[in-house]
Amino acid sequence: MAHSIISFEQNGITKVAPIGFSWTTLFFGPIPALLRGHILMGAILLALAIITAGISSIIAAFMYNKMYVTYLIEKDYRFKDVQRGKSKDDIQQLLGIELASR
């Protein structure tokens, strides 16, 4: 389970992003990315899983949640709050990403 959960908001739509190791990506490969609407990364993870017989999911599990946060920021979602876990400052330092609020 991820050590923290943060939420982002854009035009009244809230998206939740876990921070830390992605157990769902480890066990289900590209399916979490596809269900979250992160289609391009889901397709990339699917192709890698096919090529590597699923071994790439082990590596992706360490990186995917940060990629999802980056994806949301690029889609102009803004940090809303920390739902569980570490503080905003700790999360920013851990990810190396500034979480801009509205």
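This one's a predicted model, so the numbers in the text were calculated from it and none came from an experiment.

Undergrad: Please set out the side chain of His38 residue by residue, giving values where relevant.
TA: Mapping His38 onto the fold places it in the loop between α2 (31-35) and α3 (39-51). Classification of His38 as buried rests on a relative accessible area of 6%. Contacts of His38, omitting those with residues within four sequence positions, involve Ala33, Tyr64, Met67, Tyr68 and Tyr71.

Undergrad: So what about the packing of aromatic side chains? Which residues, and what values?
TA: By the definition in use, this model includes six aromatic pairs. Ring geometry for Phe21 and Phe62: centres 4.8 Å apart, planes at 75°, overall edge-to-face. Of this pair, Phe21 sits in the loop between β2 (13-19) and α1 (23-28) while Phe62 sits in helix α4 (residues 56-74), and the two are 41 residues apart along the sequence. We classify Phe21 as partly exposed; its relative accessible area is 22%. Geometrically, the ring pair formed by Tyr64 and Tyr68 is stacked, given 6.2 Å between the ring centres and 25° between the ring planes. Of this pair, Tyr64 and Tyr68 both sit in helix α4, four residues apart, which is roughly one turn of that helix. One exposure class covers both Tyr64 and Tyr68, and it is buried. Pairwise contacts between aromatic rings join Phe21, Trp23, Phe27 and Phe62 into one cluster.

Undergrad: Outline the sheet that holds strand β1 (residues 4-10), supporting the account with residue identities and numerical values.
TA: In a beta sheet, neighbouring strands are held together by backbone hydrogen bonds and run either parallel or antiparallel to one another. A sheet is described by the order of its strands in space; here three strands give the open sequence β2-β1-β3, paired in antiparallel fashion. Every interior strand has two partners, whereas the edge strands, β2 and β3 (78-84), have only one. Sheet twist, expressed as the average angle between the axes of neighbouring strands with direction ignored, equals 30°. Pairing between β1 and β2: seven bridges, direction antiparallel. Opposite Ser4, over in β2, you have Ile19 as the bridge partner. Across the sheet, α4 touches β1 and β2, and the angle it forms with β2 is around 155°.

What counts, and at which threshold
Residues numbered from 1 in each chain as written. Predicted model: local features only at pLDDT ≥ 70, side-chain atom pairs only at ≥ 80, totals over all residues. Heavy atoms only, no water. Helix = DSSP H or I, 4+ residues; strand = E, 2+ residues; numbered from the N terminus. Buried < 20%, exposed > 50% of the residue type's maximum accessible area, 1.4 Å probe, protein only. Contact = heavy atoms within 4.5 Å. Phe/Tyr/Trp six-rings, centres within 6.5 Å; stacked < 30°, edge-to-face > 60°. Pairing = 2+ DSSP bridges. Axes fitted to C-alpha atoms, helices over the stretch in contact; angles between N-to-C directions.

Everything listed here is a matter of coordinates, which is why it stays silent on function.
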